[in-house]
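# Close look at the chain arrangement
Residue-level listing of the chains:
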Amino acid sequence: AKRRPHVPYLEFDTSLSEGATRRLVIDSALRVAMARREFTLHYQPQVDLQDGRLLGVEALLRWQHPELGRVPPDEFIPIAEENGLITEIGLWVLREAIRQLRAWDDAGIEVPMVAVNCSVRQLDPDRFPAQVQAILGTARLDPSRLELEITESMLMQDPDRAMSVLNALKALGVRLAVDDFGTGYSNLAYLRQLPMTRLKIDRAFVNGIGQHGNDEQICRTVIALAHSLQLETLAEGVEHAHQAGFLMQAGCLLAQGYLYSPPLPVAALEAWIADGGVR
Ligand code: C2E
Ligand code: CA
Ligand code: CA
Ligand code: CA
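Here goes a summary of the coordinates provided.

Conventions and cut-offs
- Residues numbered from 1 in each chain as written.
- Chains lettered and ligands numbered in written order.
- Predicted model: local features only at pLDDT ≥ 70, side-chain atom pairs only at ≥ 80, totals over all residues.
- Heavy atoms only, no water.
- Donors = N, O, S within 2.8 Å, 3.2 Å for Na, K, Ca; no water.
- Helix = DSSP H or I, 4+ residues; strand = E, 2+ residues; numbered from the N terminus.
- Salt bridge = Lys/Arg side-chain N within 4 Å of Asp/Glu carboxyl O.
- Buried < 20%, exposed > 50% of the residue type's maximum accessible area, 1.4 Å probe, protein only.
- Near = heavy atom within 4 Å.
- Polar contact = N/O pair within 3.5 Å; in protein donor to acceptor, adjacent residues only side chain to side chain.
- Areas by Shrake-Rupley, 256 points an atom, 1.4 Å probe, with all protein chains shown as cover.
- 1 Å grid on protein atoms, 1.4 Å probe; cavity = no way out; pocket = protein on both sides within 12 Å on 5 of 7 lines; lining within 4 Å.
- Sits in = over half its atoms within 2 Å of the grid points.
- Nonpolar A, V, L, I, M, F, W, Y, C, P; charged D, E, K, R; others polar.

### Digging into the coordination of the calcium ion (ligand 4)
Here the calcium ion (ligand 4) is held by Asp-180 (OD) and Asp-180 (OD), and the distances to it run 2.8 to 3.1 Å. Separating the calcium ion (ligand 4) from the calcium ion (ligand 3) is a gap of 3.9 Å, which Asp-180 spans by donating to each of them. For Asp-180, the location among the structural elements is in strand β6 (residues 175–181).

Written as structure tokens, this is what we have:
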């Protein structure tokens, strides 16, 4: 009898092209998303592990499209990085987060600082530091109220370029965090030379606390490494009290995660703060 080995292959092919079609749809929808004001920011509290005090918020981009619905940043940001729109979108995120921080100051709502995610494509040495300075100047905010988060893997893509932009940002007084730390393959000698202020322990490791001895060991090692480089550590994705307990014992001072609060729209974050935050 004749077999038809190419049938499953065809099915596979079809699903591939669905993925490619979705990318194309997202790509073209992204091109008009800014003009149509489809982006918003949510803010997730960053707290002191010891007493739950609010130390800052991380701005996280949200995209609501009329037909596609809510598209997650993990899906559209890589596409925006590829087609170059991330430069424009990233600048909007920065302006909006800084405008919001100014508004909180004016309203007497105490948000010590805001952290903004940055893609390496935004780190143009000729433009980015000047743009950051202008945005902070317009809002009359001290540069130390802003932290820029850059993922470890991105820092490793183009080390020389990253180094010069980061030094310029540091000279302005902006704070710099290595995001998703532990997932890349950092050259420690290189990492030491970067003017960073904080390491963010990736939530994959935090998630393994209490389950995988390996992950606990990685958390301990990252915290010890950060201490030796005189960097702060913030643990991401803290969901359970026992994880917070472990991290505190290991010497980590800062945390972020669903245990404290998910990322929230502005009004909900203000309610969380008015409520006393974490108790
Ligand atoms: P990220 O910077 O590592 O952000 C943390 C992600 O973990 C967020 O996902 C947040 O909602 C989620 N999260 C926070 N706490 C918990 C927790 O306790 N448990 C779990 N399971 N998840 C938690 P989100 O908002 O979907 O963002 C995904 C990624 O998209 C971000 O990862 C960041 O890499 C990127 N992103 C978001 N906004 C921006 C932006 O404005 N610019 C750039 N370049 N990237 C952005
Ligand atoms: Ca981040
Ligand atoms: Ca992260
Ligand atoms: Ca991430």
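### A closer look at the pattern of salt bridges
Enumeration over the complete set of coordinates arrives at 15 salt bridges. Its salt-bridge partner being Glu-82, residue Arg-23 comes within 3.2 Å of it at the nearest N-O pair. Of this pair, Arg-23 sits in helix α1 (residues 6–33) while Glu-82 sits in helix α2 (residues 73–83); the two residues are 59 residues apart in sequence, bridging distant segments of the chain. Given a relative accessible area of 60%, Glu-82 falls into the exposed group. Where salt bridges share partners, they join Glu-58, Glu-149, Lys-200 and Glu-236 into one cluster.

### Some words on the site of ligand 1
Inspection of the region around ligand 1 gives 22 residues, with Gln-44, Arg-62, Ile-77, Glu-239 and Tyr-258 positioned closest. In this structure, a nitrogen atom belonging to ligand 1 sits 3.0 Å away from a side-chain N or O atom of Gln-44. Between ligand 1 and Glu-236, the relevant distance is 3.5 Å, taken from an oxygen atom to a side-chain nitrogen or oxygen of the residue. Protein coverage of the free-state accessible area of ligand 1, which is 800 Å², stands at 86%. Judged by the proximity of its atoms to the pocket grid, ligand 1 belongs to the largest pocket. Put simply, the parts of the chain that give the shell around ligand 1 at least two residues each are β2 (54–65), α2 and β6. Looking at which element gives the most residues to the shell around ligand 1, the answer is β2, with 4 residues. Each residue belonging to the shell around ligand 1 can be placed in one class, and the counts come to 9 nonpolar, 5 polar and 8 charged.

In short, the description is geometric, and any link to function would need to be established separately.
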